[in-house]
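Analysis of the macromolecular model
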Amino acid sequence: MRIVSLAGGIGGARFLRGLLAAAPGSEITVIGNTGDDITLYGLQVCPDLDTVMYTLGGGIDEDQGWGRQKETHVVKEELAAYGVEPQWFGLGDRDFATHIVRTQMLRAGYPLSAVTEALCARWEPGVRLIPMSDDRTETHVVISDEQGRRAVHFQEWWVRLRASVPAEEIILVGADQARPAPGVLEAIADADAVILPPSNPVVSIGTILQIKGIREALESKTVVGVSPIVGGAPVRGMADACLTAIGVETTAQAVLELYGSPLVNGWLVAEEDDGVGLDGVGLDGVRVRSRPLIMHDVESAAAIARAALDLATELSASRGEPAGTQGEDGL
Ligand code: GDP
Ligand code: CA
């Protein structure tokens, strides 16, 4: 089976680990979010790509969900001793090496997709990881504080301010010019199923969908999404602050509506979110199914991935049949 998954950071990476366990032998292409990317101390940092690479490659700090295991912070301390800003972004020594290699290759003229492939040669994540675009984009957040109304980098709002100041706007700078990276549209065209993991619907999945051509390419495929909202709240992080900024409620149903039809064909919601028409046909003919959606470990993530793939397989099989048969299970 050829599977394409979009992915942000922690939610995406943990789901992908389950997907690998649930679909051995499948060819999985991951389209990674690069809207979170930031230049720090002259180095190009790609937090979401690295979270996927380290998680699938066995190098992640499991408790934290990002960064390297057995990490030390000597470089950060030394930078702070020089008074170098910013001091609110945590980069460990091992992680620094990744950003040094990436930056060196980018400066030598390699596109980010080629650099990512080279980094993955070490980590062997078991998937083909492609950045959404080789063109630089950055998510910026408009806030109002004592310094007035201004735009800050997404990371400053998320990490330094912990999203405590309301976001008035969330903008992907560079989206107009950015083209999908080589291989992205081809992988989508060849896919038997496309999965939207439980990643942040605004600044992870929403960002990838803003790259010209990606949403359109997905619309003709069988796409199954997994809700990142469980019991009316994000499982981890502050996705509610992002949803509020774009005027969307923090519910599984509102996220489904945000992705919309014809993009999404199947939607997995948590068992506690029973407002969407469980185990039947939801919005605009989207087939909605409820499952336990908390990823406690690889096994529970794999069970979610299996449910997503099963739903995709059923939906593919029923494609082209009269709409009336859509709600039936076991097709
Ligand atoms: P980030 O880039 O590190 O913020 O990670 P992602 O964008 O990939 O994922 C963040 C989203 O993952 C948040 O909105 C969480 O609600 C969601 N998430 C994290 N863990 C779980 C989980 O166990 N189950 C579900 N359903 N969603 C989760
Ligand atoms: Ca992210």
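The present account deals with the structure reproduced in this document. (Residues numbered from 1 in each chain as written. Chains lettered and ligands numbered in written order. Predicted model: local features only at pLDDT ≥ 70, side-chain atom pairs only at ≥ 80, totals over all residues. Heavy atoms only, no water.)

1. Quick word on the pattern of salt bridges
With the rule as written, the count across this model stands at 10 salt bridges. With a closest N to O distance of 2.8 Å, Asp145 and Arg150 form a salt bridge. In this structure Asp145 comes out as buried when scored by relative accessible area, which is 19%. The shortest N-O distance in the salt bridge between Arg289 and Glu314 comes to 3.1 Å. Here Arg289 is found in strand 15 (residues 287–291), whereas its partner Glu314 is found in helix 12 (residues 298–318), with 25 residues between them in sequence. (Salt bridge = Lys/Arg side-chain N within 4 Å of Asp/Glu carboxyl O. Buried < 20%, exposed > 50% of the residue type's maximum accessible area, 1.4 Å probe, protein only. Helix = DSSP H or I, 4+ residues; strand = E, 2+ residues; numbered from the N terminus.)

2. Comments concerning the coordination of the calcium ion (ligand 2)
For a metal with four donors in a tetrahedral arrangement, the ideal angle between donors is 109.5 degrees, while six donors in an octahedron ideally sit at 90 or 180 degrees. Only Asp36 (OD), Asp48 (OD) and Asp48 (OD) from the protein reach the calcium ion (ligand 2) as donors, at distances of 2.0 to 2.6 Å. Of the two residues, Asp36 sits in the loop between strand 2 (27–32) and strand 3 (38–40) while Asp48 sits in helix 2 (residues 47–57), which places them 12 residues apart along the sequence. Both residues of the pair, Asp36 and Asp48, count as buried. (Donors = N, O, S within 2.8 Å, 3.2 Å for Na, K, Ca; no water.)

3. Some remarks on the pairing of strand 15
Counting buried positions over the 5 residues of strand 15 gives 4, a clear majority of the element. Bridge analysis of strand 13 (residues 266–270) against strand 15 gives 5 bridges, and the strand direction is parallel. Within strand 15, the position partnered with Leu268 by the bridge is Arg289. (Pairing = 2+ DSSP bridges.)

4. Remarks on the environment of Asp273
Looking at the element boundaries, Asp273 is found in the loop between strand 13 and strand 14 (280–281). Assessed through its relative accessible area of 12%, Asp273 is described here as buried. Separated by 152 residues in the primary sequence, Asp273 and Ala121 have C-alpha atoms spaced 40 Å apart. Among the polar contacts made by the side chain of Asp273, one reaches the main-chain amide nitrogen of Gly231 at a distance of 2.9 Å. (Polar contact = N/O pair within 3.5 Å; in protein donor to acceptor, adjacent residues only side chain to side chain.)

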